[in-house]
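So the chains spell out like this:
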Amino acid sequence: MLMRPTRVHILLTIMAVTSNAIQSINALRVAVLGSGISGSAAARTLAEKGVKVTLFEAGRGVGGRMSTRRTRDEHNYQFDHGAQYIGSPKTDTFRHILDQWKSDDWVREWEGDFWTVGTNGRSQEIKKDRWVGYPTMNSICQNLLSHENIEIKTQTRANASRIQVEDSDFDDACMWHLSHHKTNEGLGSFDWLVASDRNSAGYHRKDLAKADVREFTSGITRNIKSVKSLTAMVVFENMNVNFNGIQFDGKDPKFGSLGWAARDTSKPGREREDDRECWVLQSHPDAAKELLKGKRNIGAIREMARDVLVRDFLNSMPHIVDDDEFELPRVVTSVGHRWGAAFPIPSEKSAQMESQIIASKQFVACGDYFGQLSGRIEGGYLSGVSAADQLCGAIEIN
């Protein structure tokens, strides 16, 4: 005769299942490639669920397109040379997150005068929300990654391969083995891999060459294009203007190759006590496309970006301020940069998903090239959270 389980038996069963689930979560090891907003959001979401995360970043610091560029000298000039600000949220989810960041003082509002210039002349923009990481743009990613369950390895590009697990109860049990892309030094073995940088799938990279995730490397990423973009980071002395940002329409030859100019020193946390200002100049996509035709040498491209953008900005200043006698500022220092895959044009397929999971390979991909908010910080963040949620759903972590 079968005995009905007592309340005590039920409670003990629940406690045993819960204990096993906690042990499973704590034992799970996940590697994240890339520390941009998507990778940082994925890592934080997983860490808050108890998962141990190791994040690998090829650069000197975290942030990806939200990184902050600094000079390594006594002047400590700094530039938000990628993402410029966070605009008004498009989703309730990100609106809630942004409100939390405001409350935690991770972001502050970037105020002041912003202009639009082009064939129709100059006009002051209607006030709109502009929020920036405080005190630097990459502070957002730094804060997201500040968690006891997250280990960060910068200046480390990792190559990933799938290896068979010995002494497993399952014939096809595999793990991810990561190694340093230059030294081939082992970086550890992991249960799951999260790729937040689509460059990892590039022909010129070996990150995923042995990963056997063709649904990602030959599927999603192959049809995604990028907006061409050149950037110059410039320090001016005696820049006497009263605006903080200018959008160029790219149609008036008076403004050359310019698409955007930002007075970085006017952003919260970037103020300087001397008479020097840090500016970020970005090309218009059409101009960048023309300038980059036939050019491959990255050093020459950076020099061109610096020279062309600084020249066009200085030549534009009398037209911008409507003063032919405007005294041009002195250029203290400048450096150019080319963004390769930072401003994506999503494919029809990637736009219909917020992340991509290949559960059979224990692999998830995320980035701002997924979803309907491509290219925006909001879209990148939501994709990272989606990747973490899909991973947890695959192994039934709540």
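Residues numbered from 1 in each chain as written. Predicted model: local features only at pLDDT ≥ 70, side-chain atom pairs only at ≥ 80, totals over all residues. Heavy atoms only, no water.

> How should helix 3 (residues 92-103) be read in this particular structure?
Every α-helix carries 3.6 residues per turn, so stepping three or four residues along brings you back to the same face. Between its first and last C-alpha, helix 3 extends 17 Å over 12 residues, near the 16 Å set by a 1.5 Å rise per residue. Among the residues of helix 3, F94, I97, L98 and W101 are the ones counted as buried. In an axial view of helix 3, the angular spread of the buried residues amounts to 100°, which keeps them on one side of the axis. Facing away from the buried surface of helix 3 by more than 90 degrees, the exposed residues are D92, H96 and S103. In this structure, the buried side of helix 3 is in contact with helix 2 (37-48), strand 5 (107-109), strand 8 (131-133), helix 4 (139-144) and helix 8 (377-394). The first or second residue beyond helix 3 is D105, which carries a positive phi of 65°. (Helix = DSSP H or I, 4+ residues; strand = E, 2+ residues; numbered from the N terminus. Expected span 1.5 Å × (residues − 1). Buried < 20%, exposed > 50% of the residue type's maximum accessible area, 1.4 Å probe, protein only. Arc of directions from axis to C-beta. Contact = heavy atoms within 4.5 Å.)

> Looking at this model, I keep getting lost on the packing of helix 2 against helix 8. Mind explaining?
In the contact formed by helix 2 and helix 8, the axes pass within 7 Å of each other and the chain directions differ by 40°. The handedness of the crossing between helix 2 and helix 8 is right-handed. Contact residues: helix 2 offers I37, S38, A41, A42, T45 and L46, while helix 8 offers I377, G380, Y381, S383, G384, V385, A388, D389, L391 and C392. Of the residues belonging to the contact of helix 2 with helix 8, the class tally is 10 nonpolar, 5 polar and 1 charged. (Axes fitted to C-alpha atoms, helices over the stretch in contact; angles between N-to-C directions. Left-handed = near helix turned anticlockwise from the far one by under 90°. Nonpolar A, V, L, I, M, F, W, Y, C, P; charged D, E, K, R; others polar.)

> Could you clarify how one ought to interpret the environment of Q78 in this entry?
Among the secondary structure elements, Q78 is positioned in strand 4 (residues 78-79). Residue classification places Q78 among the buried residues on the basis of a relative accessible area of 13%. Distance from Q78 to M175, taken between C-alpha atoms, is 40 Å for residues 97 residues apart in sequence. The contacts of Q78, once residues within four sequence positions are left out, are T68, R69, R70, P135, T136, D264, G269, R270 and C278.

> I'm lost on the nonpolar core in this one. Help?
A general feature of soluble globular proteins is that nonpolar side chains tend to end up buried together. Formed by 47 residues in total, the largest nonpolar core has its most connected members in V30, I37, I86, W101 and Y381. With 8 residues, helix 8 is the largest single contributor of residues to this core. Every residue in contact with Y381, bar those within four places of it in the chain, is listed here: I37, S38, A41, F94, I97, W101 and L144. Ranked by size, the runner-up nonpolar core spans 29 residues in total, among them M239, V308, L314 and I320. (Core = buried A, V, L, I, M, F, W, Y, C linked by side-chain atoms within 4.5 Å.)

> Explanation requested: the side chain of T231 in the structure shown.
When you line up the elements, T231 lands in strand 15 (residues 229-237). Assessed through its relative accessible area of 0%, T231 is described here as buried. Among the polar contacts listed, one links the side chain of T231 to the side chain of W339, at a separation of 3.5 Å. (Polar contact = N/O pair within 3.5 Å; in protein donor to acceptor, adjacent residues only side chain to side chain.)

> Looking at this structure, I do not really get helix 7 (residues 298-320). What am I missing?
With 23 residues, helix 7 should reach 33 Å at 1.5 Å per residue; the first-to-last C-alpha distance of 31 Å fits that figure. The N-terminus of helix 7 is capped by N297, whose side-chain oxygen sits 3.0 Å from the backbone nitrogen of G299. Positive phi appears at D322, one or two residues downstream of helix 7, with a value of about 55°.

> Would you mind showing me how to read the pairing of strand 7 (residues 121-124) here?
Each regular strand carries side chains that alternate between the two faces of the sheet. By the bridge criterion, 4 bridges tie strand 6 (residues 114-118) to strand 7 in an arrangement that is antiparallel. Pairing of T116 across the sheet is with S123, part of strand 7. (Pairing = 2+ DSSP bridges.)

> Can you help me understand the packing of aromatic side chains in this one?
Two aromatic rings are characterised by how far apart their centres lie and by the angle between their planes. Tallied over the full model, the rule gives 19 aromatic pairs. Plain terms: the ring middles of F94 and W101 are 5.6 Å apart, the flat faces sit at 90° to each other, and that makes the pair edge-to-face. For F94, a relative accessible area of 0% translates into the label buried. What links up through ring pairs into an aromatic cluster is the set W115, F236, F243, W279 and F313. The aromatic ring of Y134 is capped on one face by R108, whose charged end is 3.6 Å from the ring centroid. Directly above the ring of Y85 sits R130, whose terminal nitrogen or CZ lies 5.2 Å from the centroid. (Phe/Tyr/Trp six-rings, centres within 6.5 Å; stacked < 30°, edge-to-face > 60°. Lys NZ or Arg CZ within 6 Å of the ring centre and 35° of its normal.)

> What am I meant to see in the sheet that holds strand 9 (residues 150-153) here?
Spatially, 6 strands are ordered 9-2-1-13-22-21 in an open sheet, and the strand pairing comes out mixed. What marks the edges here is a single partner per strand, and that holds for strand 9 and strand 21 (356-358). Averaged over all adjacent pairs, the angle separating strand axes in this sheet is 15°, with direction ignored. Pairing between strand 1 (residues 29-33) and strand 2 (residues 52-56): 5 bridges, direction parallel. Each bridged residue has a counterpart across the sheet, and for V32 the counterpart in strand 2 is L55.

> Any chance you could explain unusual backbone geometry here in plain terms?
The phi torsion of most residues other than glycine is negative, and most of the peptide bonds are trans. Cis geometry marks the peptide bond from Y134 to P135; its omega dihedral reads 5°. By the secondary structure assignment, P135 is in the loop between strand 8 and helix 4. Of note, D105 is a non-glycine position whose phi angle comes to about 65°, a positive value. Along the chain, D105 falls in the loop between helix 3 and strand 5.

> How should I be thinking about the pattern of salt bridges in this particular structure?
One side chain can pair with another of opposite charge once the charged atoms of both are near each other. Taken as a whole and assessed by the stated rule, the structure comprises 23 salt bridges. D212 is the partner of K361 in a salt bridge, and the nearest nitrogen-oxygen pair spans 3.4 Å. Here D212 lies in the loop between strand 13 (192-195) and helix 5 (214-220) and K361 lies in the loop between strand 21 and strand 22 (363-365), a separation of 149 residues in the sequence. When its relative accessible area of 34% is taken as the criterion, D212 is described as partly exposed. A salt bridge links R272 to D274; its shortest N-O distance comes to 2.9 Å. Relative accessible area serves as the criterion here: at 23%, R272 is assigned to the partly exposed category. (Salt bridge = Lys/Arg side-chain N within 4 Å of Asp/Glu carboxyl O.)

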